[in-house]
Structure formats: structure tokens, C-alpha cells
Amino acid sequence: MTWEELLPLLWPATVETALMVGWSTLFTALLGLPLGVALVVFDHGGLRPVPALKSALGFVVNIGRSLPFIVLMIAIIPFTRLVVGTTIGTAAVVVPLTVGAVPFFARLVETALREVGTDVVQAAQAMGAGRAAIVRKVLLPEALPGLVAGLTVTVVALIGYSAMAGTIGGGGLGDLAIRYGYQRFETLVMIVTVVVLIVIVQLLQSLGDWVARRLSHK
């Protein structure tokens with residue numbers, strides 16, 4: 001395969017990967033952030049200790065983190081079909097990507113929130129702040145650099161997951177690498193796909209690190 005033949009395939013595959021990762025990141029943040037907050041709030045010594053609920057949530061999160069993504073994709077095919085009406089294509093891949101990333105991001109959120117000093121929380125409580133206000137105005141703002149760093153790590157993981165999604169017809173760069181680079185032994189396609197993925201990851205990681213540093217200096 002020549003460059004002239006590869007370029008018309010590379011750009012659509014890159015856009016598909018961006019769409020998969022973008023939508024999955026959005027849904028992961030919307031679901032994983034409150035789940036991570038719940039793991040902290042309901043824990044022993046939390047703002048509202050409910051050990052049984054915390055243990056149940058932790059158990060579910062650990063199950064989600066223990067499954068290899070390729071196994072997860074296959075295992076939730078019926079759920080994916082129920083949600084989006086199909087099991088192949090970019091839209092279908094968003095479902096397992098989100099399901100796989102939410103537990104991962106929730107643990108990172110939990111870790112970031114636990115790094116907030118207890119003296120800050122106690123000061124807010126002493127001033128009469130309620131639990132919701134403490135979470136919204138103390139915990140989340142104080143943990144923001146860590147949350148950004150955690151989200152960056154999650155996005156990088158999602159890029160890797162999206163490449164694996166190509167094995168079941170998920171589209172994107174992974175699908176391009178498998179169909180042309182692996183199955184048709186097109187070495188150029190494989191090399192270019194790997195380079196593009198590396199560049200995307202480096203750019204996103206650098207951006208996330210820069211934002212986290214800026215927030216930590218405020």
C-alpha cells in the first residue's frame with residue numbers, strides 16, 4: 001500500500017477514534033465522578049459513613065476493573081445492542097468503553113479526594129457547611145489538579161481500549177491496523193497507525209499535565 005492509498009483511510013479512522021474516545025470520556029466523567037465521590041463520602045470517617053453501601057460500591061468497582069477490556073466487550077454485547085441497537089461501529093464501542101473506564105476513573109477520583117487535607121474539611125464543617133456544600137465547594141476544588149491528572153490517565157487508557165475495539169469491528173485506528181496492517185500484512189499501515197496513536201497520546205498527556213500544573217499553582 002502506498003501513501004496515496006493510505007491517507008484516505010487514515011483520516012476517517014483517526015476521526016472515528018477521536019469520536020469514540022471523546023464520547024466515552026464525557027460519559028465516563030459524568031458517571032465516574034459521582035461514583036468516586038460516593039466511595040469517599042460513604043467510607044469510614046467520611047461525610048456520611050455508610051460502610052455497607054461503600055463496600056457494595058467498592059465490590060462493583062473492583063469487578064469492573066478486574067475484567068480485561070476485550071473480555072468485557074464480548075460479555076456485554078447484549079447490553080450494547082440494547083442501548084444502541086447494534087454491536088459494531090463507532091457508536092456501539094462507546095458503550096463498553098464507558099463501562100470499562102468508569103470503575104477505573106472512579107478509583108482515581110477516590111484517590112484524588114482522599115489527598116485533600118482533613119483540616120480543610122473540618123474547617124468547612126466548623127463554619128456550618130453541609131455535606132453537599134463541602135463536596136461541591138471544598139473537596140472537588142481542592143482535588144481538581146488530581147482529578148484532571150486522573151482524567152488524563154483515563155483518556156490515555158481509553159485510546160488503548162479503542163484500538164482493541166478494532167478486533168470486533170469497532171472502527172477507528174485499531175480497526176485500520178488489524179484489517180490492513182495485520183490481516184493483509186501491510187507493514188506501512190501498522191507503523192503509521194502506531195505512530196499516530198503515540199502522537200495522540202503524547203499530546204493529550206502533555207496537555208493534561210500542563211492543565212494539572214496550572215491548577216495546582218492557583
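Just so it is clear, the model here is predicted, and its values are computed rather than measured.

Cut-off values and rules
- Residues numbered from 1 in each chain as written.
- Predicted model: local features only at pLDDT ≥ 70, side-chain atom pairs only at ≥ 80, totals over all residues.
- Heavy atoms only, no water.
- Helix = DSSP H or I, 4+ residues; strand = E, 2+ residues; numbered from the N terminus.
- Buried < 20%, exposed > 50% of the residue type's maximum accessible area, 1.4 Å probe, protein only.
- Contact = heavy atoms within 4.5 Å.
- Areas by Shrake-Rupley, 256 points an atom, 1.4 Å probe, with all protein chains shown as cover.
- Lys, Arg positive; Asp, Glu negative; His and termini not counted.
- Charge placed at Lys NZ, Arg CZ, Asp CG, Glu CD.
- UniProt positions renumbered as here; feature names shortened; annotations may be inferred.
- 1 Å grid on protein atoms, 1.4 Å probe; cavity = no way out; pocket = protein on both sides within 12 Å on 5 of 7 lines; lining within 4 Å.
- Points joined across faces, edges and corners; volume = space filled by probe spheres on them.
- Nonpolar A, V, L, I, M, F, W, Y, C, P; charged D, E, K, R; others polar.
- Salt bridge = Lys/Arg side-chain N within 4 Å of Asp/Glu carboxyl O.
- Phe/Tyr/Trp six-rings, centres within 6.5 Å; stacked < 30°, edge-to-face > 60°.

What follows covers the overall build of the protein. Scanning the protein for helices and strands turns up ten helices and zero strands. Listing every helix and strand of the protein by position from the N terminus yields α-α-α-α-α-α-α-α-α-α. Considering the protein as a whole, with its 218 residues, one finds that 39% of them fall into the buried category. Once local pairs closer than 6 in sequence are excluded, the contacts in the protein between residues at least 24 apart make up 72%. Accessible surface, the protein as shown: approximately 11,700 Å² in total, 69% of it carbon and sulfur. Distance from the positive charge centre (14 side chains) to the negative charge centre (11 side chains) of the protein: 13 Å.

Attention shifts here to the UniProt feature "domain: ABC transmembrane type-1" (unreviewed entry) in the protein. The UniProt record annotates "domain: ABC transmembrane type-1" (unreviewed entry) at residues 14-205. Strand forms 0% of residues 14-205 and helix 81%; the C-alpha atoms that close the span are 17 Å apart.

UniProt's feature table lists "transmembrane region" (unreviewed entry) at residues 20-43, 55-77, 83-106, 146-168 and 188-212, given in the numbering used throughout. Within residues 83-106, the helical portion is 79% and the strand portion 0%, while the C-alpha atoms at the span's ends are 22 Å from each other. As annotated, residues 188-212 has a helix share of 100% and a strand share of 0%, and its two end C-alpha atoms lie 36 Å apart.

Attention now moves to empty space enclosed by the protein. Scanning all chains against the criterion turns up one cavity of 30 Å³ or more. The calculated volume of the largest cavity comes to roughly 50 Å³. Around the largest cavity, the lining residues are Met-73, Ile-77, Thr-80, Thr-87, Ala-92, Val-93, Pro-96 and Ile-168. Counting residues per element, the ones that place at least two in the lining of the largest cavity are helix 4 (77-84) and helix 5 (90-114). No other element matches helix 5, which puts three residues into the lining of the largest cavity. Split into classes, the residues belonging to the lining of the largest cavity amount to six nonpolar, two polar and no charged.

With that out of the way, let us pick up the pattern of salt bridges. A complete count under the given rule lists four salt bridges for this structure. In this structure, Asp-43 and Arg-114 form a salt bridge, with 2.7 Å as the shortest nitrogen-oxygen distance. Remark: Arg-114 occurs in helix 5 and Asp-43 occurs in the loop between helix 1 (3-41) and helix 2 (51-66); sequence separation between them is 71 residues. The exposure class assigned to Asp-43 is buried, which follows from its relative accessible area of 14%. A residue is classified by how much of its surface remains accessible, and Arg-114, at 42% relative accessible area, is partly exposed.

For the structure on display, the rule yields two aromatic pairs. A centroid spacing of 5.9 Å and a plane angle of 25° characterise the contact between Trp-23 and Phe-27, whose relative ring orientation is stacked. Here Trp-23 and its partner Phe-27 are both found in helix 1, four residues apart, which amounts to about one turn of the helix. For Phe-27, a relative accessible area of 33% puts it in the partly exposed group. Here Phe-69 and Tyr-161 contribute two aromatic rings whose centre-to-centre distance is 4.7 Å and whose plane-to-plane angle is 10°, an arrangement assigned as stacked.

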